[in-house]
Amino acid sequence: MPNQTYLANGTGGPLAAEVTGAYVESYGPALSYQPGQKLSRCTCASSTDHPGPKHEDGTWMGRGASELDLSLQTAPFNSGYNITKGYTKVYDSKNGLNSYQHSGGDYGLYGVEWVPHYRNLDPYITWMTEGQPSWTLEAGALGPDKLTEIGQRLVPPEPMYIIFNLGMSRGFSPVDFDKLLFPGVMSVDYVRVYQDEDKEALSCDGKYPEMPSVSYITKHAEAYWNSNLTIWRGKRENGVSCECP
């Protein structure tokens, strides 16, 4: 549901989704400003427009557009944006990394080890700098939260691709424009991707062979390549793809 609440049907709640957000006093009752999952488990079982797969009980597996940054961002959110304690490891990594522009530093070596929720694997994510682990998040950290009425979230099994961009936002931290030098430059020396020999996967169908992402994207091709279409449902003059239900 939008904003992780039942406000759309007029009932309100869960209470934690209305009162534990960071900006409740300024912007109102919302732990989340996400519009809701488009391809969720709640999609009608008879639908012919869900990429799949299905669970054993006949319900759809929720699908999403995962994002794995050099920090952690995950939704839906726990009450107060907390994670389940006891499932993270923070390492004593003192590498003196200094790779900022105009700082006199040099290239920094960043890495992410990503083991997704897939069959019998033990899922986790470890972030690394200069070849040393910085911290690890295990699947249990994304466990259910009764207060916000959400279930276990997955270490992403969805197909993803690598993006390098240089951006900033006041939503992450204060921006001191008076001390910034423009234009900014993000220099990348090299990129390497390693996979276990017995777990290689290079496909838009993701880690699950039964996840038919390619066929779904092909079915809704214009919604993916036409940047003028920004809304999924509605009228085409409002930026909606007529091919999307």
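Residues numbered from 1 in each chain as written. Predicted model: local features only at pLDDT ≥ 70, side-chain atom pairs only at ≥ 80, totals over all residues. Heavy atoms only, no water.

In the annotation of an unreviewed UniProt entry, the entry for the protein reads GH16 domain-containing protein, and the organism field reads Tilletia walkeri. The record held by UniProt for the protein lists under Subcellular location (unreviewed entry) the comment "Membrane". (UniProt positions renumbered as here; feature names shortened; annotations may be inferred.)

J.: Even after reading the chapter, I still don't get the overall build of the protein, so can you show me in this structure?
T.: Helix and strand content of the protein: four helices and four strands. Looking at the protein residue by residue over its 245 residues, the buried ones come to 25%. Contacts in the protein between residues at least 24 apart in sequence constitute 49% of all its contacts with a sequence separation of at least 6. With an accessible surface of roughly 17,200 Å², the protein has 53% of that area assigned to carbon and sulfur atoms. (Helix = DSSP H or I, 4+ residues; strand = E, 2+ residues; numbered from the N terminus. Buried < 20%, exposed > 50% of the residue type's maximum accessible area, 1.4 Å probe, protein only. Contact = heavy atoms within 4.5 Å. Areas by Shrake-Rupley, 256 points an atom, 1.4 Å probe, with all protein chains shown as cover.)

J.: Before we go on, may I ask you to explain the sheet that holds strand E3 (residues 124-129) in this structure?
T.: Strand pairing in a sheet relies on backbone hydrogen bonds, with the paired strands running either antiparallel or parallel. Within the open sheet, the four strands sit side by side as E1-E4-E3-E2. Their pairing is antiparallel. The sheet is open, and its two borders are formed by strand E1 (88-90) and strand E2 (110-115), each paired with just one other strand. Here the strands of the sheet are splayed against their neighbours by 15 degrees on average, with no regard to which way each runs. Bridge count for E3 against strand E4 (residues 132-138) is six bridges, and the pairing is antiparallel. Residue pairing for E4: Met128 is matched across the bridge by Pro133. (Pairing = 2+ DSSP bridges. Axes fitted to C-alpha atoms, helices over the stretch in contact; angles between N-to-C directions.)

J.: Looking at this structure, how should I read the side chain of Ser40?
T.: Within the secondary structure, Ser40 sits in the loop between helix H2 (24-27) and E1. Among the residues examined, Ser40 registers a relative accessible area of 15% and is labelled buried. At 3.1 Å, the side chain of Ser40 and the backbone nitrogen of Cys42 are in polar contact. Excluding anything up to four places from it in sequence, Ser40 contacts His50, Trp60 and Gly62. (Polar contact = N/O pair within 3.5 Å; in protein donor to acceptor, adjacent residues only side chain to side chain.)

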